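What follows is each chain in one-letter form.
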Amino acid sequence: MTNSKQNKSKKILVAFYSRDGHTRKVAKLIAKRLNADIDEIEDKKPRKGLIGFLIAGYDATRGKTTEITFSKDPSDYEIVILGSPVWNGRLTPAVRTYLLENKEKIKKACFFVTCGIKGGKALTQMHEIYGGEVLGEKVVARKNLEEEARRFAEELKSMI
Ligand SMILES: Cc1cc2nc3c(=O)[nH]c(=O)nc-3n(C[C@H](O)[C@H](O)[C@H](O)COP(=O)(O)O)c2cc1C
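Conventions used here
Residues numbered from 1 in each chain as written. Predicted model: local features only at pLDDT ≥ 70, side-chain atom pairs only at ≥ 80, totals over all residues. Heavy atoms only, no water. Near = heavy atom within 4 Å. Polar contact = N/O pair within 3.5 Å; in protein donor to acceptor, adjacent residues only side chain to side chain. Areas by Shrake-Rupley, 256 points an atom, 1.4 Å probe, with all protein chains shown as cover. Helix = DSSP H or I, 4+ residues; strand = E, 2+ residues; numbered from the N terminus. Core = buried A, V, L, I, M, F, W, Y, C linked by side-chain atoms within 4.5 Å. Buried < 20%, exposed > 50% of the residue type's maximum accessible area, 1.4 Å probe, protein only. Contact = heavy atoms within 4.5 Å. Expected span 1.5 Å × (residues − 1). pLDDT = per-residue confidence, 0-100. Axes fitted to C-alpha atoms, helices over the stretch in contact; angles between N-to-C directions. Parallel < 35°, antiparallel > 145°, perpendicular 65-115°, else oblique. Left-handed = near helix turned anticlockwise from the far one by under 90°. Nonpolar A, V, L, I, M, F, W, Y, C, P; charged D, E, K, R; others polar. Salt bridge = Lys/Arg side-chain N within 4 Å of Asp/Glu carboxyl O.

(A) Region of the structure containing the site of the ligand. What surrounds the ligand is a group of 20 residues, the closest being S18, H22, T23, V86 and R142. Between the ligand and G21 there is a distance of 3.1 Å, counted from an oxygen atom to a backbone nitrogen or oxygen. K118 has a polar backbone atom sitting 2.9 Å from an oxygen atom of the ligand. Calculation on the ligand without its partners gives an accessible area of 640 Å², and the protein chains cover 87% of this total. Contributing elements (two or more residues each) for the shell around the ligand: α1 (22–34), α2 (49–61), β5 (79–87) and β7 (108–115).

Written out as structure tokens, the structure reads:
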């Protein structure tokens, strides 16, 4: 099936940032279940290693933006499902930047975050930055990652 033939004919994009692969895994699962396009947001700032980890947490806590790249135009889609890891209880700089740059282009949104234990303020921050209609949201804890991701995908499927 081509990407233009999507769930109930709606054009859906799953956009995400992932440092360590968990958010990517959830994004891929959702995209597959909803027959959506997928776009990985890249953070140009190095985030690997101990220093990268410490700076990542600091940047998230301070609400910093960063330099990002991505390839799909969200205005081409009816719904954008946006995913981020939780860093220090907050939204990642990459997804913060994506939302700030694209909030006018996102018609309807769904949000999810992946975390070790707790989602903290990350989803609330996404709502605040976006300010538009949010159809669904989910905190996906790493412990039951695949099961929770599948459940969220099914919820979305029945909703959109
Ligand atoms: C810098 C940093 C800070 C984190 N802070 C939290 C946190 O406050 N709460 C939490 O439950 N998990 C926290 N985590 C764990 C991540 O949210 C979790 O592993 C997430 O699934 C990672 O997504 P990714 O693999 O797509 O990068 C943190 C991870 C990193 C790298």
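(B) Highlighting the nonpolar core. In terms of nonpolar packing, the biggest core is built from 28 residues, with I41, L82, Y98, L99, F111 and M126 touching the most fellow members. Elements that contribute at least two residues to this core include exactly β1 (12–16), α2, β5, α3 (93–102), β7 and α4 (122–130). Excluding its chain neighbours within four sequence positions, the residues that come into contact with M126 are L82, L91, V95, L99, F111, F112 and V113. Counting residues in each nonpolar core, the second largest holds 21 residues, with V14, C110, V140 and I160 among its members.

(C) Quick look at α1. Look at α1: 19 Å from first C-alpha to last across 13 residues, which is about the 18 Å you get at 1.5 Å a residue. The elements touched by buried residues of α1 are β1, β2 (37–40), β5, β7, β8 (134–141) and α5 (145–159). Of the residues trailing α1, N35 is marked for its positive phi of about 50 degrees.

(D) Spotlight on the environment of A27. Examined against the element boundaries, A27 turns out to sit in helix α1. On the basis of relative accessibility, which here comes to 0%, the residue A27 falls in the buried class. As for A27 and E137, which are separated by 110 residues in sequence, their C-alpha atoms are 13 Å apart. A27 has contacts with V14, F16, I38 and F112, leaving out every residue within four places of it along the chain.

(E) Representation of the confidence of the model for the protein within the structure. Here the protein shows a mean pLDDT of 94. Residues at 70 or above account for 94%. Within the model, the stretch residues 1–8 combines pLDDT values under 50 with 18 contacts to residues more than four positions away or in other chains.

(F) Here's a closer look at the packing of α3 against α4. For the pair α3 and α4, interaxial distance at closest approach is 9 Å and the crossing angle is 20 degrees. Taken together, the axes of α3 and α4 lie roughly parallel to each other. Remark: the crossing between α3 and α4 carries right-handed chirality. In this structure, α3 contributes V95, R96, L99 and L100 to the contact, and α4 contributes Q125, M126, I129 and Y130. Considered class by class, the residues forming the contact of α3 with α4 number six nonpolar, one polar and one charged.

(G) Expanded view of the pattern of salt bridges. All told, the structure shown has 10 salt bridges when counted by the stated rule. Between K45 and D59 there is a salt bridge; the shortest N-O distance is 2.8 Å. Of this pair, K45 sits in the loop between β3 (42–43) and α2 while D59 is found in helix α2, placing the two residues 14 residues apart along the sequence. We classify D59 as buried; its relative accessible area is 3%. Its salt-bridge partner being D59, residue R47 comes within 2.9 Å of it at the nearest N-O pair. Of this pair, R47 sits in the loop between β3 and α2 while D59 is found in helix α2, placing the two residues 12 residues apart along the sequence. Among the residues examined, R47 registers a relative accessible area of 5% and is labelled buried.

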